[in-house]
Amino acid sequence: MSDKYDVIVLGAGPAGYVAAIRCAQLGLKTACVEQWVNKQGNPALGGTCLNVGCIPSKALLESSHVYAEAAHGLEQHGIELSGVKADIAKMIANKDKIVQELTGGIEHLFKANKVTWIKGTGTLLPERLVTVNNGDGQPVNYTADNVILATGSKSIEIGAVPLQGDVVVDSTGALDWESVPAKLCVIGAGVIGLELGSVWRRLGAEVVVLEAQDVFLPMVDQQIAKDSLRQFTRQGLDIKLGARVTSSQVDASGVTLQYTDQSGEQQLQVDRVIVAVGRRPNIDQLTTPETDLLIDERGLVHVNGACETNLPGVWAIGDLVRGPMLAHKGSEEGVVVAERIAGKHSHLNYEAIPSVIYTHPEISWVGQTEEQLKEAGREYKSGVFPFAASGRAKAQRDTGGMVKVLADKHTDKLLGMHIVGGHSSELIGHGVTVMEFEGTSEDIARTVFAHPTLSEAIHEAALAADQRALHIPNRKR
Ligand code: FAD
Ligand code: NAD
């Protein structure tokens, strides 16, 4: 006889653990299967996000930013410091402590909500049977009325640059170095490449980023992307576009990389390498061929708009399915699925999911870019306000970047907000809320923002979309 649940969730990342908690809140008998073992050798909840993703990377971004400010950012405020040193081992220990506190917190939440944590690797079999193997004796079988698949994603590896010890690493390895490489190559100028490249650059590494595509951050509004590229270059990130790595060799002196760019074959000698070329859905032990779960050619579990798979009572959420690979997208899908299982009519507005790259300056956006609107033939108006004209940004001596507002030319409905600038991860929430309420640029223009704040730049960008900005000259109509 196998144990029976109302809901079994496979995977306890931000998609799975949130789904499990919400199911339990709604009175469903819920279990969550999770296989993660942390670097201390203990089983852990929280998935990629809490263990080796969002949280540890943000901890190191924060520590390295504070160090860089103390080392060379305070003089203009009239503060002189000498002998500033970074203790990398302590930084890593601080990051590990934050991770342990948060993953332990999920364990408490599971207990408080009466979610059963089944430790081990779960595999979906026909008829919503889940078999769990914890490497310790016979697999145990469970059944459920509903199964939610949330097994997340894994780093993509490339044959030209195989991972090797702590010299050629993926993002997980780059969160655990206890010394700063003199010269570092990051392969891929995507989100991870820029965030982790920034961490090690701030701590003193010479950083070269090799990016295969010719366009920098193609998913970002290109006015914002170009501005951020200028700022990253000034910080010393050497970002080479159109550079495709073809092979590599590791020896005692470091790593030699061969790559091609517009001028032909190139060679680069570095001490260490981070491979950050994207992530793929984790379907490794998810199911068996007899189960007939539909998986597409990219390895994503096929779902409809409500996260239902082709199998009755089987749902899939998070990085395992279409859409951006973002923690908050997965969590919200978890809530929606839990509520649908409980008979409610929840849905997720995929048009209003914010994205953030946590570099300095931060790049944050929601909705459509100017390039996407042009391609769709949509008539729009835009308003831009530079932080150089913001009193608060000046007081902070952090004036790089801008806010850009895009609205429908005829209805004025907000179609996109794009920000490059300090603290823009917090500012973008204004754009998300207005888009969620289907508001207009005039709604923002008529809202009162506190003075002096960075958010006034959003107000001014909305005014600029109507040629009536107050603190910059308006473009001629
Ligand atoms: P995951 O978090 O990957 O969790 C899946 C879980 O399933 C894992 O714990 C895994 O062990 C478990 N699992 C897999 N297979 C099985 C199985 N067969 N049985 C049992 N358990 C299984 N996103 C953001 O939104 N903001 C950020 O700042 C951010 N920073 C990131 C930084 C880095 C370095 C990385 C790598 C990613 C970052 N992301 C960020 C992306 C974010 O981590 C993912 O989008 C998010 O974790 C996806 O959540 P998930 O629950 O779908 O999957
Ligand atoms: P990505 O897709 O953002 O970037 C990968 C980059 O590598 C691309 O620009 C691609 O053109 C380039 N590339 C691919 N193959 C290459 C090659 N052979 N040589 C040189 N360049 C190559 O992927 P990522 O940075 O690995 O991040 C993975 C996912 O994790 C992202 O989808 C992102 O959503 C998520 N993530 C989010 C955050 C955040 O929200 N702040 C942070 C980290 C990761």
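Residues numbered from 1 in each chain as written. Chains lettered and ligands numbered in written order. Predicted model: local features only at pLDDT ≥ 70, side-chain atom pairs only at ≥ 80, totals over all residues. Heavy atoms only, no water.

Draft legend 1. Local environment of the site of ligand 2. Taken together, 22 residues surround ligand 2, and among them Ile 192, Glu 195, Glu 211, Gly 278 and Val 356 come closest. Here Glu 211 contributes a side-chain N or O atom positioned 2.6 Å from an oxygen atom of ligand 2. Backbone polar atom of Gly 278 to an oxygen atom of ligand 2: 2.9 Å apart, as the coordinates give it. Protein chains shield 78% of the accessible area of ligand 2, which is 840 Å² for the free molecule. Looking at which element gives the most residues to the shell around ligand 2, the answer is helix 6 (residues 191–202), with three residues. When grouped by side-chain class, the residues that make up the shell around ligand 2 number 13 nonpolar, four polar and five charged. Both of domain 1 (4–155 + 280–348) and domain 2 (168–277) provide at least three residues apiece to the shell around ligand 2. (Near = heavy atom within 4 Å. Polar contact = N/O pair within 3.5 Å; in protein donor to acceptor, adjacent residues only side chain to side chain. Areas by Shrake-Rupley, 256 points an atom, 1.4 Å probe, with all protein chains shown as cover. Helix = DSSP H or I, 4+ residues; strand = E, 2+ residues; numbered from the N terminus. Nonpolar A, V, L, I, M, F, W, Y, C, P; charged D, E, K, R; others polar. Domains from an automatic or database assignment.)

Draft legend 2. Layout of helix 7 (residues 222–234). Between its terminal C-alpha atoms helix 7 stretches 18 Å, which fits the 18 Å expected from 13 residues at 1.5 Å a residue. All buried positions along helix 7 are accounted for by Gln 222, Ile 224, Ala 225, Asp 227, Ser 228, Gln 231 and Phe 232. Looking at the buried residues of helix 7, the elements they touch are helix 6, strand 11 (237–240), strand 19 (362–367), helix 9 (370–376), strand 21 (402–408) and strand 22 (414–421). One side-chain oxygen of the residue at the start of helix 7 lies 3.1 Å from the amide nitrogen of Gln 223, identifying that residue as Asp 221. Positive phi appears at Gly 236, one or two residues downstream of helix 7, with a value of about 100°. (Expected span 1.5 Å × (residues − 1). Buried < 20%, exposed > 50% of the residue type's maximum accessible area, 1.4 Å probe, protein only. Contact = heavy atoms within 4.5 Å.)

Draft legend 3. Representation of the site of ligand 1 within the structure. Surrounding ligand 1, one finds 36 residues, the nearest of these being Glu 34, Thr 48, Lys 58, Gly 122 and Asp 319. A distance of 3.2 Å is found between an oxygen atom of ligand 1 and a backbone nitrogen or oxygen belonging to Met 325. Going through the elements one at a time, helix 1 (14–25), strand 2 (30–34), helix 2 (47–52), helix 3 (54–72), strand 4 (121–125) and helix 8 (327–341) are the ones with two or more residues in the shell around ligand 1. Of the residues contributing to the shell around ligand 1, the split by class is 14 nonpolar, 18 polar and four charged.

Draft legend 4. Here's a closer look at a nonpolar patch on the surface. The grouping of Val 191, Ile 192 and Met 219 at the surface amounts to a nonpolar patch, some 200 Å² of accessible area in total. Assignment of secondary structure puts Met 219 in the loop between strand 10 (206–210) and helix 7. (Patch = residues over 30% accessible without salt bridge, like charges linked within 9 Å, V, L, I, M, F, W, Y side chains within 5 Å. Salt bridge = Lys/Arg side-chain N within 4 Å of Asp/Glu carboxyl O.)

So yeah, pure geometry; function would need other evidence.
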